[in-house]
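Residue-level structural notes
Here is how the chains run, residue by residue.
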Amino acid sequence: MPLPLVVGVDGSDYSLQAVDWAADEAVRLGVPLRIVHASLWERYEGRLPSLGGEPSAPHVMAEHIVASAAERVHRRAPDLEVDAAVVAEDPVSMLLAEGDNATAVVTGSRGRGELKGLLLGSVGLALAGRASGPVIVIRGDAAGLGGTHDRVLLGVGDPGTSDTAARFALREAAARRCVLDAVRTWRRTGDGDPPRQPDYPDYEDEAADLIDKLLQDPLTEHLDVRVSRTVLEGPPGKVLLHRSAAADLLVLGVRRERGHAGLQLGRVTHRLLHHADCPVAVVPQLP
């Protein structure tokens, strides 16, 4: 039985956008979809005396949120296997736990009650920075959300950060039958840096070689995927942000250190989660 794709909902427009995207993704990957809503009231309600047996307003609202989301999915993808649940937990803890047994966790860029002007809500940021599995934050323009570019963008990071992300990106490109654009940037050294030896490869060659080594093994599992290897000079955040405008999904690898309680996101990943023009998948590389 394949692991489900999990999507968190809270009734906001952002979460409904995530539900639509997740339904399409589950169909592409051939996996079930699990819709979950966190409600701490469910936990507190069990400790309160019963008042005539009638369900509370928060309980009714929580059930309505997941039922509406499930109905939305059934209309969009009638044959998709869907499970929906209200979980007595806070949203971050609930989705982190759900992600341990999921293909990926999908979340909207913001939720109910988020301050206007926020580029990324607290739940999405916490998941991307702490989850042990892939997290996909749904954001971007209509073209990126609609998957009209036929391109998955992979940001190739330093060695040891992108192996799992490369396999994830290739699987996505295969499911979408589209091009994988693997991008690695490089920067010139400053005036104070020691000169390169004459027989040492230049930075551009090093970047190209890194892409080839990263994709060599994963490509044997996806021989039909077309790959564009792109090496560009410039800051990685700026380059990937520009190229996200022509992508349907941006995939970024991050390294997780065990025992680290805080957010584990690099500066580039943090920037792209806030500003990319397409959904962003953060795929952790565990030690």
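Notes on the structure in this doc start here.

Definitions and cut-offs
Residues numbered from 1 in each chain as written. Predicted model: local features only at pLDDT ≥ 70, side-chain atom pairs only at ≥ 80, totals over all residues. Heavy atoms only, no water. Helix = DSSP H or I, 4+ residues; strand = E, 2+ residues; numbered from the N terminus. Contact = heavy atoms within 4.5 Å. Expected span 1.5 Å × (residues − 1). Buried < 20%, exposed > 50% of the residue type's maximum accessible area, 1.4 Å probe, protein only. Arc of directions from axis to C-beta. Pairing = 2+ DSSP bridges.

Tracing the chain through its elements places Glu172 in helix H7 (residues 163-176). Residues within four places of Glu172 in sequence aside, it is in contact with Glu25, Leu29, Val152 and Leu249.

Let us now look at helix H8 (residues 203-216). Spanning 14 residues, H8 covers 20 Å between terminal C-alpha atoms, matching the ideal 20 Å at 1.5 Å per step. If you check which residues of H8 are buried, you get Ala207, Leu210, Ile211, Leu214 and Leu215. For H8, the angular spread of the buried residues around the axis is 115°, confining them to a single face. Turned more than 90 degrees away from the buried face of H8 sit Lys213 and Gln216, all of them exposed. Of the surrounding secondary structure, the elements contacted by the buried residues of H8 are strand E6 (151-155), H7, strand E7 (179-186) and strand E8 (227-233).

This paragraph deals with the environment of Leu286. Residue position: Leu286 is located in the segment after strand E10 (280-285). On the accessibility criterion, Leu286 (36% relative accessible area) is partly exposed. For Leu286 and Thr161, which are 125 residues apart along the polypeptide, the C-alpha to C-alpha distance reads 8.7 Å.

Of all five residues that make up E6, four are buried, and the element is covered over most of its length. Relative to strand E9 (residues 249-255), E6 runs parallel, the two being bridged by four bridges. Looking across to E9, one finds that Gly155 is bridged to Leu252.

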